[in-house]
Amino acid sequence: MRPDELNPLFAEVETLDGVGPKLMKPLGRLGLSRVRDLAYHLPDRFVTRRAVGNVDEAGEGEQIVIQLTPTEHKAPYNPGRGPYRILAQDAVGNIIAITYFGRASYSGKKLLPVGETRWVAGRLDRYGDMLQIVHPDHVLEEGGETLQRLCEPVYSLAEGLTQPKIGGLVGQSLAKLPDLPEWIEPGLFEREGWPAWSDALKLAHKGENAQARERLAYDELLANSLALMLVRADNRQRKGRALVGDGSRRGKLQLPFPLTGAQERSNREIAGDMAQVSPMLRLLQGDVGAGKTVVALEAMLVAVEAGAQAALLAPTEILARQHFETLRSMAAPTGVEIALLTGRDKGRARESILMGLMDGSIDMVVGTHAIFQDTVAYKDLGLVVIDEQHRFGVAQRLMLAKKGKTTPHTLAMTATPIPRTLTLAQYGEMEVSRLDELPPGRQAIDTLVFPQARMEEVADGVARHLETGQQAYWVCPMVNDNETLDIAAAEARYAALKERFGEAVVLVHGQLQADQKDAAMERFSSGEAKLLVATTVIEVGVDVPAATLMVIEQAERFGLAQLHQLRGRVGRGSEKSVCLLLRGDALSETGKKRLALMRETQDGFRIAEEDLELRGGGELLGTRQSGDTPFRIATLEQIQKWLPVAHDDAQMLVDHDGGLASERGKAARTLLYLMERDWGVQLLRGG
Ligand code: ADP
Ligand code: MG
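Each value, and the rule that gives it
Residues numbered from 1 in each chain as written. Chains lettered and ligands numbered in written order. Predicted model: local features only at pLDDT ≥ 70, side-chain atom pairs only at ≥ 80, totals over all residues. Heavy atoms only, no water. 1 Å grid on protein atoms, 1.4 Å probe; cavity = no way out; pocket = protein on both sides within 12 Å on 5 of 7 lines; lining within 4 Å. Points joined across faces, edges and corners; volume = space filled by probe spheres on them. Nonpolar A, V, L, I, M, F, W, Y, C, P; charged D, E, K, R; others polar. Pairing = 2+ DSSP bridges. Helix = DSSP H or I, 4+ residues; strand = E, 2+ residues; numbered from the N terminus. Axes fitted to C-alpha atoms, helices over the stretch in contact; angles between N-to-C directions. Contact = heavy atoms within 4.5 Å. pLDDT = per-residue confidence, 0-100. Buried < 20%, exposed > 50% of the residue type's maximum accessible area, 1.4 Å probe, protein only. Near = heavy atom within 4 Å. Polar contact = N/O pair within 3.5 Å; in protein donor to acceptor, adjacent residues only side chain to side chain. Areas by Shrake-Rupley, 256 points an atom, 1.4 Å probe, with all protein chains shown as cover.

### Description of empty space enclosed by the protein
- Considering all chains together, one arrives at three cavities of 30 Å³ or more under this definition.
- Of the pockets and cavities examined, the largest cavity occupies roughly 200 Å³.
- Around the largest cavity, the lining is made up of 14 residues, and of these Val288, Leu438, Ile445, Gly568 and Gln602 lie nearest the centre.
- Looking at side-chain class alone, the lining of the largest cavity contains four nonpolar, six polar and four charged residues.

### Considerations on the pairing of strand E3 (residues 63-74)
- Inspection of the sheet shows strand E2 (residues 50-51) paired to E3 by two bridges, in the parallel sense. By the bridge assignment for E3, Arg50 is matched with Ile64.
- As defined by bridge partners, E3 adjoins strand E6 (residues 118-127) across six bridges and the pair is classed as antiparallel. Considered in E6, the bridge of Ile66 is made with Val120.
- Relative to strand E4 (residues 84-89), E3 runs antiparallel, the two being bridged by five bridges. Paired with Pro70 across the bridge in E4 is Ala88.

### Brief notes about the sheet that holds strand E20 (residues 531-534)
- Spatially, six strands are ordered E17-E22-E21-E18-E20-E19 in an open sheet, and the strand pairing comes out parallel. At either margin of the open sheet sits one strand with a lone partner, and together these are strand E17 (445-451) and strand E19 (505-508). Within the sheet, the average angular offset between the axes of one strand and its neighbour, ignoring direction, is 20 degrees.
- As defined by bridge partners, strand E21 (residues 547-552) adjoins strand E22 (residues 577-583) across four bridges and the pair is classed as parallel. Paired with Leu549 across the strands is Val578, a residue of E22.
- Across the sheet, helix H16 (residues 514-525) touches strand E18 (471-475), E19, E20 and E21, and the angle it forms with E19 is around 140 degrees.
- Contacts from helix H17 (residues 560-567) reach E17, E18, E21 and E22, with the element oriented near 150 degrees to E21.

### Some words on the confidence of the model for the protein
- Per-residue pLDDT for the protein has a mean of 88; in total, 93% of the residues score no lower than 70.
- Across residues 617-627, where pLDDT falls below 50, the model places 22 contacts with residues more than four positions away in sequence or in other chains.

### Brief notes about unusual backbone geometry
- The phi torsion at Arg149 lies on the positive side, around 55 degrees, for a residue other than glycine.
- Take Arg149: it is sitting in the loop between strand E8 (138-140) and strand E9 (151-154).
- Judged by its relative accessible area of 63%, Arg149 is exposed.
- Of note, Leu660 is a non-glycine position whose phi angle comes to about 50 degrees, a positive value.
- Its location among the elements puts Leu660 in the loop between helix H20 (636-656) and helix H21 (663-674).

### Some thoughts on the side chain of Ser266
- With respect to the helices and strands, Ser266 occurs in helix H8 (residues 261-274).
- Look at Ser266 and you get buried, because its relative accessible area is 0%.
- When near neighbours in sequence (up to four residues on either side) are disregarded, Ser266 contacts Leu284, Val295, Ser433, Arg434 and Leu435.

### Overview of the site of ligand 1
- Among the 16 residues in the neighbourhood of ligand 1, the closest are listed as Gln263, Gly289, Lys292, Thr293 and Arg442.
- One of the backbone nitrogen or oxygen atoms of Gly289 is found 2.6 Å away from an oxygen atom of ligand 1.
- In the environment of ligand 1, an oxygen atom lies 2.7 Å from a nitrogen or oxygen atom belonging to the side chain of Lys292.
- Expressed as a share of its isolated accessible area of 560 Å², the protein-covered part of ligand 1 is 77%.
- Class assignment for the residues of the shell around ligand 1 results in six nonpolar, five polar and five charged.

Below, the structure written as structure tokens:
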């Protein structure tokens with residue numbers, strides 16, 4: 001149960017003064033639904049303004065406070081379309097515009113009547129040959145002098161919100177902060193001279209305060225590490241089953257290649273874990289093409305040798321199908337019964353698979369999350385393999401653990417070679433096996449960067465490539481934060497390429513029906529189709545060795561890890577492979593460096609580490625993370641600096657006070673609820 005003292009923070013935002021139905025939408029869009037969220041809506045930056053007597057004293061782009069007298073209101077031709085401009089005079093007769101867009105026009109109209117002098121605070125910009133202030137932060141009848149040199153927070157907004165409005169709501173939230181017991185380890189707290197929690201939040205809204213920000217980041221990191229540690233501790237206490245294989249099935253495998261040293265090592269680590277009573281919780285981390293599938297297969301065979309069943313969970317139907325085919329053919333000599341189960345299986349076929357899983361005649365099943373629906377019962381599920389772990393949250397992972405009579409062993413696999421610090425953040429509760437050695441004989445992939453504008457040449461290159469009988473991928477980006485628009489863009493590209501290449505082109509994206517998607521994939525993997533146009537659905541797992549050219553549009557929009565994954569789709573056969581990264585015109589310095597890094601190396605772990613450096617260094621105060629870390633407050637720099645400390649501290653706390661019963665332990669529980677990592681606490685008895 002959430003501690004009572006947190007209740008005011010978890011009250012809905014409607015309980016604040018001045019929040020009606022109108023504000024709910026923009027607040028919702030910013031993810032601000034509770035008082036807590038507002039308190040943690042930290043400013044993106046701060047402004048300090050200077051009072052000027054007239055605009056000649058001000059520079060363009062400067063934040064100023066100035067007295068202006070409106071002379072004329074210019075409404076747009078079509079109300080609601082185009083800006084609402086108010087022309088105003090400064091003390092020496094210069095005319096400048098005060099501009100409003102959209103609904104804000106109404107407030108501008110009211111606040112700035114013609115002929116009456118007002119204090120206006122905002123940023124002075126140029127529009128054509130006119131100076132203007134767009135959406136002033138403040139318009140006051142009197143007292144504008146006080147805005148001078150005041151350090152004001154600037155928050156990210158959504159349509160329908162203004163800085164003063166959100167500032168007011170944040171202020172109300174901060175007034176409700178309770179005093180909470182300190183959860184940070186006393187030695188560290190003192191050494192760093194950090195402010196107490198509620199002070200830190202207040203300070204972080206008031207001005208640039210590195211210590212306050214750092215403390216809040218540390219809280220978030222500590223909560224995350226602690227929750228993962230609790231999962232880990234809970235897992236140790238669960239009853240699992242020791243599965244020791246006799247090698248009878250594995251011995252029958254007839255692999256066309258010897259395993260790499262890294263694969264052998266991983267196999268040993270996994271078999272070692274499975275031989276324990278406490279359930280395995282292990283991550284197999286290996287770059288695209290590192291050969292994770294065969295490692296998974298060996299683990300599954302260990303389970304079968306020991307008389308149990310094994311399940312492999314894939315994130316998509318396409319991948320489930322592909323894994324099924326691969327495993328079935330590799331495992332054929334071992335005589336295991338293997339089945340595929342997806343959400344699409346219906347009727348008799350489905351019934352017979354369900355029967356087989358229940359009576360144990362099926363040894364291994366591959367599928368999407370359908371394999372863990374309530375209607376699916378296993379005779380004796382001993383091992384769950386989860387492919388592409390990052391798509392499953394920890395909470396879902398915990399659900400899976402409930403499927404067996406005893407808790408099954410879990411092997412998670414990811415092809416995302418994230419840096420070590422982030423591995424800790426995402427998978428801190430797991431042991432890690434790294435496949436850091438690629439199978440021998442892989443060819444280097446030539447990576448070239450082209451301006452997007454040279455599309456025609458690129459298409460010519462694709463044409464020449466296809467003429468040699470090889471295949472190619474063409475990846476369209478997800479850029480609009482709007483899947484439908486992105487898919488429309490991909491469809492347009494597909495149409496254009498189809499003009500040129502005819503029936504040899506197929507399209508795959510996330511909104512296709514499953515059977516259409518499969519049909520397209522099937523045509524491509526059989527070699528009938530030569531060019532696969534896709535959105536990032538192909539990111540993971542697809543294996544077509546004859547595809548040796550990869551074109552990625554607007555490459556700068558992708559994360560490096562993602563580019564690396566996409567590139568890994570080629571270079572799988574014996575032919576030389578090429579990757580063309582198309583870039584837009586407006587490429588930032590960091591953007592250039594990132595693409596250069598892609599050109600320079602193919603080592604996923606190195607790309608991950610350097611990407612972290614590149615992004616970590618130049619980061620602005622409070623810039624939100626782009627979704628590839630589990631954190632909202634901690635910046636990459638803070639993560640690098642503090643995560644290892646938080647991790648060790650969480651470990652200490654759990655080792656000494658696993659039930660979180662001491663004073664500090666209780667404070668830490670509060671933290672977990674506050675930071676919404678309470679799935680960690682709920683594992684505790686009486687949590
Ligand atoms: P991952 O899932 O890690 O991206 P896969 O398991 O799909 O990689 O393996 C990629 C390719 O490498 C497959 O065609 C597989 O048969 C092959 N492979 C795996 N292990 C080896 C090895 N030790 N030597 C040579 N080829 C291998
Ligand atoms: Mg794979």
